[in-house]
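Results of the structural survey
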Amino acid sequence: MGSVLEVNGGKPLKGEILVRGAKNFVSKAMVASLLTGETSVLRNVPEIRDVEVVSELLAAHGVDIDYDQEAGNLTITPGEPFLAPTDRVERLAGSSRIPILFCGPLLHRLGEAFIPDLGGCHIGDRPVDFHLRVLEDFGAERSAAPGGMRLSAPRGLRARPVRLPYPSVGATEQTLLTAVMARGMTELSNAAVEPEIMDLIAVLQKMGAIISVDTDRTIRIEGVDELHGFTHTALADRIEAGSWASAALATRGDIYVRGAKQQDMMTFLNVFRRIGGAFKVDDEGIRFWHPGGELHAAVLETDVHPGLMTDWQQPLVVALTQADGLSIIHETVYENRFGFAEALRGMGANISVYRECLGGLSCRFGWQNYYHSAVIQGPTPLHAADIEVPDLRGGFSHLIAALSATGCSHVSGIDIINRGYEHFMEKLDMLGADVSLFAD
Ligand code: EPU
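Thresholds, definitions, all that
- Residues numbered from 1 in each chain as written.
- Predicted model: local features only at pLDDT ≥ 70, side-chain atom pairs only at ≥ 80, totals over all residues.
- Heavy atoms only, no water.
- 1 Å grid on protein atoms, 1.4 Å probe; cavity = no way out; pocket = protein on both sides within 12 Å on 5 of 7 lines; lining within 4 Å.
- Points joined across faces, edges and corners; volume = space filled by probe spheres on them.
- Helix = DSSP H or I, 4+ residues; strand = E, 2+ residues; numbered from the N terminus.
- Nonpolar A, V, L, I, M, F, W, Y, C, P; charged D, E, K, R; others polar.
- Near = heavy atom within 4 Å.
- Areas by Shrake-Rupley, 256 points an atom, 1.4 Å probe, with all protein chains shown as cover.
- Pairing = 2+ DSSP bridges.
- Axes fitted to C-alpha atoms, helices over the stretch in contact; angles between N-to-C directions.
- Contact = heavy atoms within 4.5 Å.
- Parallel < 35°, antiparallel > 145°, perpendicular 65-115°, else oblique.

Let us look at the layout of surface pockets. Taken as a whole, the largest pocket encloses approximately 1,000 Å³ of empty space. Taken together, 45 residues line the largest pocket, and the ones lying closest to its centre are Arg97, Arg126, Val169, Gly170 and Tyr334. Residue assignment for the lining of the largest pocket shows that the elements contributing at least two residues are helix H1 (23-32), helix H5 (129-137), helix H6 (169-179), helix H10 (310-320) and helix H12 (392-404). Here the element with the most residues in the lining of the largest pocket is H6; it accounts for four residues. Of the residues contributing to the lining of the largest pocket, the split by class is 20 nonpolar, seven polar and 18 charged. The computed volume of the second largest pocket comes to approximately 210 Å³. Forming the boundary of the second largest pocket are 14 residues, of which Ala250, Thr251, Arg252, Gln322 and Ser404 lie nearest the centre. Elements supplying a minimum of two residues to the lining of the second largest pocket: helix H8 (238-250) and H12. Split into classes, the residues belonging to the lining of the second largest pocket amount to six nonpolar, six polar and two charged.

Dropping the structure here:
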């Protein structure tokens, strides 16, 4: 049974909220802890579904986990892990994409692994071919099994040069987590260099790894025999911060996002200012607000870091429906990230999606059947509607649309949002939103 959120929109969101550690880092640091038997402590851990899923998977392998939710401290002691019972792993099939990253650590510690079928948002095909190629090149053997796949590394894992066809975040992390204890030196070229990856490298360095990062997306990893426990404070969730910032803009509100960090949001902040949003950075966070008057249309292209992050695209599009003029967005990371635009159209937005690349970046999706560019004519007032959440970021964007629309909207499938937005219902309350939750 899902939950439906009734939203009485049209009220500016105002107040202060706290953003804790990044979903897309915390889950990976939890996997890294498995590379040693020693205790690791991760701080600033948010209470989100992805943390629960990774905790369950670690626990299924015999890892001891203690989570103090309020303090945000997660203590992980792998000790001597064992191969998890298949049924406990299968139960987690379809719940997240993180399990694929268990391959390297489990192969190093146990010589074998069983990985459940993956989940995650439906924003494109999301294959794992780059991951599997790395693992196989390093000497892993793989076979399909009901509910997942089995891997083994009878002769251990050996470093190989890796050149990624695209700077994939997950495949870069897969290579890091596999290469740190593989025999020899790995040269990884065309790697992703997102801040969450840099924080994972910091964790691995604390554990005893030797990793260097060049300016040309080349990462060199010297395999070591042994790693140790770490204590680390997770970097803030820049996607969540950008989502609340976009909500402030779309609702003509004023939100102080405690925890938000300027360094990791530079590209977003430039766009936010260009559109007409105002922000002020201090040591504790960033205040985002709508300064009054018209917002300005913009031409945006998503890209790997340091480009404009794809996960900021959807919340920003909602704000751009309120901007004066023609905005053009070219999504170059995922082929299918405009599905959420249909619901916005139903609320009065003027958005058209195109197969063509409407931008200067070279992109893998041009001249195919992927509607990966969008043109938004604004401003168009949004009106209430009944909408179904399609995926995590698209869902939050629907929520922003409902909050800025006049009238009473019903947003169903709202539980998905818990995967990546900590305590979002409480935060909406703190920002003065008029929302109520009903069981479906
Ligand atoms: N790709 C392949 N083959 C692979 C791996 C990736 O073709 O083996 C393609 C993907 O299909 C996609 C592109 O490469 O078109 C980029 O994918 P990437 O591997 O970089 O993404 P990911 O690791 O699966 C992470 C985040 C996403 C975020 C992207 C891009 C996690 C758990 N997820 O995904 O976050 O959008 O990087 O920054 O870290 C979210 O938080 O809602 C979310 C979707």
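After that view, the rundown keeps rolling.
Once that is clear, we can look at the site of the ligand. Looking at the ligand, there are 24 residues lining it, with Lys28, Asp129, Ser168, Val169 and Val333 nearest. Surface burial for the ligand is 92%, taken as the share of its 830 Å² of free accessible area covered by protein chains. Listed by contribution, the elements that provide at least two residues to the shell around the ligand are H1, H5, H6, H10 and H12. Among the residues making up the shell around the ligand, the classes are represented as ten nonpolar, five polar and nine charged.

Okay, the sheet that holds strand E15 (residues 278-281) next. Read across the sheet, four strands follow the order E2-E14-E16-E15 without closing on themselves; strand pairing throughout is mixed. Strands at the two margins of the open sheet, each flanked by one partner only, are strand E2 (14-18) and E15. Between one strand and the next, the sheet's axes are offset by a mean angle of 15°, whatever the strand orientation. Running over the sheet, H8 touches E2, strand E14 (254-258) and strand E16 (285-289) and is turned about 165° from E14.

Attention now goes to the packing of H6 against helix H7 (residues 195-207). Closest axis-to-axis distance for the H6/H7 pair is 11 Å, and the angle between their directions is 10°. The pairing of H6 with H7 is recorded here as roughly parallel in orientation. Facing H6, whose interface residues are Val169, Thr172, Glu173, Leu176 and Leu177, H7 presents Ile197, Leu200, Ile201 and Leu204. Across the contact of H6 with H7, the residue classes break down as seven nonpolar, one polar and one charged.

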